[in-house]
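A look at the structure
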Amino acid sequence: MISEGGAVRPGLAARIDAALPQTQCTRCGYPDCAAYAQAVAHEGAPINRCPPGGAEGVARLAALTGRPALPLDPACGPEAPRTIAVIDENWCIGCTLCIGACPTDAILGTHKHMHTVIADHCTGCELCIPVCPVDCILLENASGTATGWTAWSADQAAHARARYAIHRLRTGSADADDAEVDAAPAAREAPLGRTASCSESGTGATLPGARSQDGPGQSDDAAAARRDAIAVALARARERRAGSGASR
(Lines give C-alpha, C1' and ligand atoms only; values in the text may rest on other atoms or scores of the structure.)
Protein backbone atom coordinates (compact mmCIF):
# COMPACT_ATOMS: atom_id res chain seq x y z
CA MET A 1 0.00 0.00 0.00
CA ILE A 2 1.15 3.56 -0.69
CA SER A 3 -0.08 6.90 0.54
CA GLU A 4 -0.92 9.78 -1.77
CA GLY A 5 -2.27 13.00 -0.33
CA GLY A 6 -3.00 11.23 2.93
CA ALA A 7 -5.15 8.56 1.26
CA VAL A 8 -4.09 4.95 1.28
CA ARG A 9 -4.46 3.23 -2.07
CA PRO A 10 -3.39 -0.14 -3.43
CA GLY A 11 0.03 -0.50 -4.99
CA LEU A 12 0.49 -0.74 -8.74
CA ALA A 13 0.54 -4.56 -8.78
CA ALA A 14 -2.77 -4.70 -6.91
CA ARG A 15 -4.37 -2.19 -9.30
CA ILE A 16 -3.11 -4.14 -12.31
CA ASP A 17 -4.44 -7.37 -10.82
CA ALA A 18 -7.82 -5.72 -10.31
CA ALA A 19 -7.85 -4.77 -14.01
CA LEU A 20 -7.33 -8.36 -15.15
CA PRO A 21 -10.28 -10.69 -15.86
CA GLN A 22 -9.14 -13.24 -13.25
CA THR A 23 -9.62 -16.28 -15.49
CA GLN A 24 -6.35 -17.71 -14.08
CA CYS A 25 -5.74 -19.27 -17.50
CA THR A 26 -1.90 -18.94 -17.45
CA ARG A 27 -1.86 -17.97 -21.15
CA CYS A 28 0.23 -14.95 -20.20
CA GLY A 29 3.02 -17.32 -19.20
CA TYR A 30 2.58 -16.77 -15.47
CA PRO A 31 0.92 -19.11 -12.94
CA ASP A 32 -2.01 -16.79 -12.27
CA CYS A 33 -3.32 -13.27 -12.75
CA ALA A 34 -1.68 -11.96 -9.58
CA ALA A 35 1.73 -13.24 -10.68
CA TYR A 36 1.33 -11.55 -14.06
CA ALA A 37 0.33 -8.32 -12.33
CA GLN A 38 3.43 -8.46 -10.16
CA ALA A 39 5.59 -9.08 -13.23
CA VAL A 40 4.07 -6.14 -15.09
CA ALA A 41 4.44 -3.83 -12.09
CA HIS A 42 7.91 -4.80 -10.94
CA GLU A 43 9.66 -6.75 -13.70
CA GLY A 44 8.68 -4.86 -16.84
CA ALA A 45 6.61 -7.72 -18.26
CA PRO A 46 4.68 -6.73 -21.42
CA ILE A 47 1.11 -5.53 -20.91
CA ASN A 48 -0.24 -7.33 -23.98
CA ARG A 49 -0.19 -10.94 -22.79
CA CYS A 50 -3.79 -11.42 -21.58
CA PRO A 51 -6.09 -12.78 -24.33
CA PRO A 52 -9.17 -12.98 -22.06
CA GLY A 53 -8.86 -9.24 -21.41
CA GLY A 54 -8.46 -8.54 -25.10
CA ALA A 55 -7.63 -5.15 -26.57
CA GLU A 56 -9.60 -3.36 -23.87
CA GLY A 57 -7.58 -5.17 -21.22
CA VAL A 58 -4.36 -3.96 -22.83
CA ALA A 59 -5.74 -0.41 -22.86
CA ARG A 60 -6.55 -0.69 -19.14
CA LEU A 61 -3.03 -1.82 -18.31
CA ALA A 62 -1.59 0.91 -20.53
CA ALA A 63 -3.53 3.53 -18.58
CA LEU A 64 -2.31 2.11 -15.26
CA THR A 65 1.33 1.78 -16.24
CA GLY A 66 1.74 4.75 -18.57
CA ARG A 67 3.02 2.46 -21.32
CA PRO A 68 1.77 2.53 -24.91
CA ALA A 69 -0.99 0.09 -25.82
CA LEU A 70 0.15 -2.74 -28.08
CA PRO A 71 -1.66 -5.44 -30.04
CA LEU A 72 -2.09 -8.71 -28.17
CA ASP A 73 0.94 -10.95 -28.31
CA PRO A 74 -0.09 -13.73 -30.72
CA ALA A 75 2.10 -16.18 -28.80
CA CYS A 76 -0.41 -15.97 -25.94
CA GLY A 77 -3.42 -16.70 -28.13
CA PRO A 78 -6.07 -14.54 -29.79
CA GLU A 79 -8.88 -12.53 -28.27
CA ALA A 80 -11.91 -14.81 -28.54
CA PRO A 81 -15.44 -15.35 -27.22
CA ARG A 82 -15.78 -16.55 -23.64
CA THR A 83 -16.15 -20.30 -23.34
CA ILE A 84 -17.45 -22.77 -20.77
CA ALA A 85 -16.12 -26.28 -20.34
CA VAL A 86 -18.55 -29.16 -20.86
CA ILE A 87 -17.87 -32.76 -19.88
CA ASP A 88 -19.14 -35.52 -22.18
CA GLU A 89 -20.59 -38.07 -19.77
CA ASN A 90 -20.28 -40.86 -22.33
CA TRP A 91 -16.50 -40.76 -22.10
CA CYS A 92 -15.77 -39.44 -18.59
CA ILE A 93 -14.00 -42.15 -16.54
CA GLY A 94 -14.02 -40.29 -13.23
CA CYS A 95 -10.25 -39.94 -12.96
CA THR A 96 -10.58 -36.57 -11.10
CA LEU A 97 -7.58 -35.04 -12.93
CA CYS A 98 -9.72 -32.16 -14.21
CA ILE A 99 -10.81 -31.35 -10.66
CA GLY A 100 -7.22 -30.80 -9.63
CA ALA A 101 -6.54 -28.62 -12.67
CA CYS A 102 -9.52 -26.28 -12.22
CA PRO A 103 -8.45 -23.03 -10.52
CA THR A 104 -11.97 -22.10 -9.42
CA ASP A 105 -13.25 -25.50 -8.22
CA ALA A 106 -15.90 -25.40 -10.93
CA ILE A 107 -15.91 -29.17 -11.49
CA LEU A 108 -17.99 -31.55 -9.40
CA GLY A 109 -17.23 -35.23 -9.22
CA THR A 110 -15.59 -38.05 -7.38
CA HIS A 111 -13.42 -41.03 -8.25
CA LYS A 112 -14.97 -43.38 -10.84
CA HIS A 113 -18.08 -41.23 -11.24
CA MET A 114 -18.98 -38.86 -14.05
CA HIS A 115 -17.98 -35.25 -13.45
CA THR A 116 -19.86 -32.10 -14.34
CA VAL A 117 -19.04 -28.39 -14.61
CA ILE A 118 -20.75 -25.61 -12.65
CA ALA A 119 -21.07 -23.11 -15.48
CA ASP A 120 -21.37 -20.08 -13.18
CA HIS A 121 -17.92 -20.85 -11.72
CA CYS A 122 -16.15 -21.77 -14.97
CA THR A 123 -13.85 -19.09 -16.39
CA GLY A 124 -13.10 -20.92 -19.64
CA CYS A 125 -9.43 -21.16 -18.66
CA GLU A 126 -9.06 -24.45 -20.59
CA LEU A 127 -6.68 -25.90 -17.98
CA CYS A 128 -8.86 -28.99 -17.66
CA ILE A 129 -8.52 -29.82 -21.37
CA PRO A 130 -4.90 -31.09 -21.53
CA VAL A 131 -5.13 -33.18 -18.35
CA CYS A 132 -8.17 -35.19 -19.49
CA PRO A 133 -6.83 -38.62 -20.54
CA VAL A 134 -9.89 -39.50 -22.64
CA ASP A 135 -10.47 -36.14 -24.31
CA CYS A 136 -14.02 -35.84 -22.96
CA ILE A 137 -14.02 -32.11 -22.19
CA LEU A 138 -15.35 -29.71 -24.80
CA LEU A 139 -15.61 -25.92 -24.89
CA GLU A 140 -18.88 -24.17 -25.65
CA ASN A 141 -19.20 -20.55 -26.77
CA ALA A 142 -20.83 -18.64 -23.92
CA SER A 143 -20.74 -15.08 -25.30
CA GLY A 144 -21.65 -15.25 -28.98
CA THR A 145 -19.55 -12.76 -30.91
CA ALA A 146 -18.55 -10.77 -27.82
CA THR A 147 -14.87 -11.08 -26.89
CA GLY A 148 -12.50 -9.79 -24.22
CA TRP A 149 -14.07 -7.56 -21.60
CA THR A 150 -17.27 -7.28 -23.66
CA ALA A 151 -17.74 -11.01 -22.98
CA TRP A 152 -16.81 -10.73 -19.31
CA SER A 153 -17.93 -8.44 -16.50
CA ALA A 154 -16.38 -6.93 -13.40
CA ASP A 155 -18.76 -9.01 -11.26
CA GLN A 156 -17.66 -12.20 -13.00
CA ALA A 157 -14.02 -11.26 -12.52
CA ALA A 158 -14.59 -10.61 -8.81
CA HIS A 159 -16.40 -13.92 -8.46
CA ALA A 160 -13.61 -15.78 -10.25
CA ARG A 161 -10.98 -14.11 -8.08
CA ALA A 162 -12.82 -15.10 -4.91
CA ARG A 163 -13.28 -18.66 -6.15
CA TYR A 164 -9.54 -18.85 -6.90
CA ALA A 165 -8.71 -17.56 -3.42
CA ILE A 166 -10.91 -20.27 -1.92
CA HIS A 167 -9.23 -22.88 -4.13
CA ARG A 168 -5.78 -21.80 -3.00
CA LEU A 169 -6.78 -21.89 0.65
CA ARG A 170 -8.34 -25.34 0.22
CA THR A 171 -5.32 -26.78 -1.56
CA GLY A 172 -2.80 -25.16 0.75
CA SER A 173 -1.17 -23.21 -2.09
CA ALA A 174 -2.01 -19.74 -0.76
CA ASP A 175 0.86 -17.40 -0.01
CA ALA A 176 1.13 -15.36 3.17
CA ASP A 177 -0.16 -12.31 1.28
CA ASP A 178 -3.36 -14.19 0.48
CA ALA A 179 -4.36 -14.00 4.12
CA GLU A 180 -5.65 -10.50 3.36
CA VAL A 181 -8.25 -11.94 0.98
CA ASP A 182 -11.59 -12.54 2.65
CA ALA A 183 -12.94 -15.49 0.70
CA ALA A 184 -15.79 -16.25 3.11
CA PRO A 185 -18.36 -13.91 1.49
CA ALA A 186 -17.72 -15.47 -1.90
CA ALA A 187 -18.15 -18.92 -0.41
CA ARG A 188 -21.51 -17.90 1.01
CA GLU A 189 -22.72 -16.23 -2.17
CA ALA A 190 -21.46 -18.93 -4.58
CA PRO A 191 -24.45 -21.29 -4.87
CA LEU A 192 -24.38 -24.44 -6.88
CA GLY A 193 -25.38 -22.87 -10.16
CA ARG A 194 -26.32 -24.39 -13.47
CA THR A 195 -24.06 -27.18 -14.60
CA ALA A 196 -22.49 -27.65 -18.00
CA SER A 197 -22.52 -31.34 -18.80
CA CYS A 198 -24.08 -33.30 -21.61
CA SER A 199 -26.83 -34.27 -19.14
CA GLU A 200 -28.02 -32.92 -15.82
CA SER A 201 -27.12 -36.07 -13.87
CA GLY A 202 -24.12 -36.07 -11.56
CA THR A 203 -23.99 -39.46 -9.86
CA GLY A 204 -21.63 -39.49 -6.94
CA ALA A 205 -20.91 -35.77 -7.24
CA THR A 206 -19.39 -33.98 -4.28
CA LEU A 207 -18.91 -30.34 -3.41
CA PRO A 208 -15.70 -28.76 -4.67
CA GLY A 209 -14.43 -28.40 -1.12
CA ALA A 210 -14.60 -32.15 -0.61
CA ARG A 211 -11.27 -33.06 -2.10
CA SER A 212 -11.50 -35.98 -4.50
CA GLN A 213 -7.89 -35.80 -5.57
CA ASP A 214 -4.92 -37.40 -3.90
CA GLY A 215 -4.27 -35.72 -0.58
CA PRO A 216 -0.79 -34.78 0.61
CA GLY A 217 -0.83 -37.62 3.12
CA GLN A 218 -1.81 -40.31 0.67
CA SER A 219 0.52 -43.34 0.76
CA ASP A 220 2.57 -44.47 -2.20
CA ASP A 221 0.53 -47.69 -2.33
CA ALA A 222 -2.73 -45.74 -2.52
CA ALA A 223 -1.35 -43.49 -5.23
CA ALA A 224 -0.15 -46.51 -7.20
CA ALA A 225 -3.56 -48.14 -6.82
CA ARG A 226 -5.21 -44.98 -8.12
CA ARG A 227 -2.90 -44.90 -11.13
CA ASP A 228 -3.71 -48.54 -11.83
CA ALA A 229 -7.44 -47.81 -11.59
CA ILE A 230 -7.08 -44.95 -14.06
CA ALA A 231 -5.14 -47.20 -16.42
CA VAL A 232 -7.90 -49.83 -16.26
CA ALA A 233 -10.56 -47.19 -16.85
CA LEU A 234 -8.63 -45.83 -19.80
CA ALA A 235 -8.37 -49.29 -21.32
CA ARG A 236 -12.10 -49.80 -20.92
CA ALA A 237 -12.82 -46.41 -22.47
CA ARG A 238 -10.64 -47.27 -25.46
CA GLU A 239 -12.43 -50.59 -25.85
CA ARG A 240 -15.84 -48.87 -25.76
CA ARG A 241 -14.72 -46.29 -28.26
CA ALA A 242 -13.25 -48.90 -30.61
CA GLY A 243 -16.34 -51.09 -30.31
CA SER A 244 -18.81 -48.32 -30.96
CA GLY A 245 -16.83 -46.87 -33.84
CA ALA A 246 -18.02 -43.47 -32.64
CA SER A 247 -16.25 -40.42 -33.95
CA ARG A 248 -16.14 -37.25 -31.92
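Figured I'd write up the structure that's included with this text. If you're wondering where the values come from, they're calculated on a predicted model, not measured in any experiment.

1. Considering the overall build of the protein
Counting its secondary structure elements, the protein contains eight helices and six strands. Each helix and strand of the protein, ordered N terminal to C terminal, gives the series β-β-α-α-α-β-α-β-β-α-β-α-α-α. When the accessible area of the protein is evaluated, it comes to approximately 12,500 Å², of which 54% is carbon and sulfur surface.

2. Thoughts on the nonpolar core
Counting residues in each nonpolar core, the largest one holds 21 residues, and the members touching the most others are Ile-87, Cys-98, Ile-107, Cys-136 and Ile-137. Contributions of two or more residues to this core are made by β3 (83-87) and α4 (97-101). Ranked by the residues each element gives to this core, the list is headed by β3, at three residues. Setting aside chain neighbours within four positions, we find Ile-107 in contact with Ile-87, Cys-98, Ile-99, Cys-102, His-115, Thr-116, Val-117 and Cys-128. Formed by 18 residues, the second largest nonpolar core is a distinct cluster that contains Ala-13, Ile-16, Val-40 and Ala-41.

3. Considering helix α2 (residues 33-42)
An α-helical segment advances 3.6 residues per turn. Residues three or four places apart therefore align on the same side. Every buried residue of α2 is listed here: Cys-33, Tyr-36, Ala-37, Ala-39, Val-40 and Ala-41. Here the buried face of α2 lies against α1 (12-18) and α3 (54-65). The residue sitting at the N-terminus of α2 and contributing the capping side-chain oxygen is Asp-32; that oxygen lies 3.3 Å from the backbone nitrogen of Ala-34. Once α2 finishes, Gly-44 follows within two positions and takes phi at roughly 75°, a positive value.

4. Some remarks on the environment of Glu-140
The topology assignment puts Glu-140 in strand β6 (residues 137-141). Between the C-alpha atoms of Glu-140 and Gly-124, which are 16 residues apart in sequence, the distance is 9.0 Å. Setting aside anything within four residues of it in sequence, one finds Glu-140 in contact with Arg-82, Thr-83, Ile-84 and Val-86.

5. Structural notes on the pattern of salt bridges
Within this structure, the stated rule accounts for five salt bridges. With a shortest N-O distance of 2.9 Å, Arg-49 and Asp-73 are connected by a salt bridge. Here Arg-49, found in the loop between α2 and α3, pairs with Asp-73, found in the loop between α3 and β3; they are 24 residues apart in sequence, far enough to count as distant. Each member of the pair, Arg-49 as well as Asp-73, is classed as buried. In this structure, Arg-170 and Asp-105 form a salt bridge, with 2.8 Å as the shortest nitrogen-oxygen distance. Of this pair, Arg-170 sits in helix α6 (residues 154-171) while Asp-105 is found in the loop between α4 and β4 (107-108), placing the two residues 65 residues apart along the sequence.

Parameters and conventions
- Residues numbered from 1 in each chain as written.
- Predicted model: local features only at pLDDT ≥ 70, side-chain atom pairs only at ≥ 80, totals over all residues.
- Heavy atoms only, no water.
- Helix = DSSP H or I, 4+ residues; strand = E, 2+ residues; numbered from the N terminus.
- Areas by Shrake-Rupley, 256 points an atom, 1.4 Å probe, with all protein chains shown as cover.
- Core = buried A, V, L, I, M, F, W, Y, C linked by side-chain atoms within 4.5 Å.
- Buried < 20%, exposed > 50% of the residue type's maximum accessible area, 1.4 Å probe, protein only.
- Contact = heavy atoms within 4.5 Å.
- Polar contact = N/O pair within 3.5 Å; in protein donor to acceptor, adjacent residues only side chain to side chain.
- Salt bridge = Lys/Arg side-chain N within 4 Å of Asp/Glu carboxyl O.

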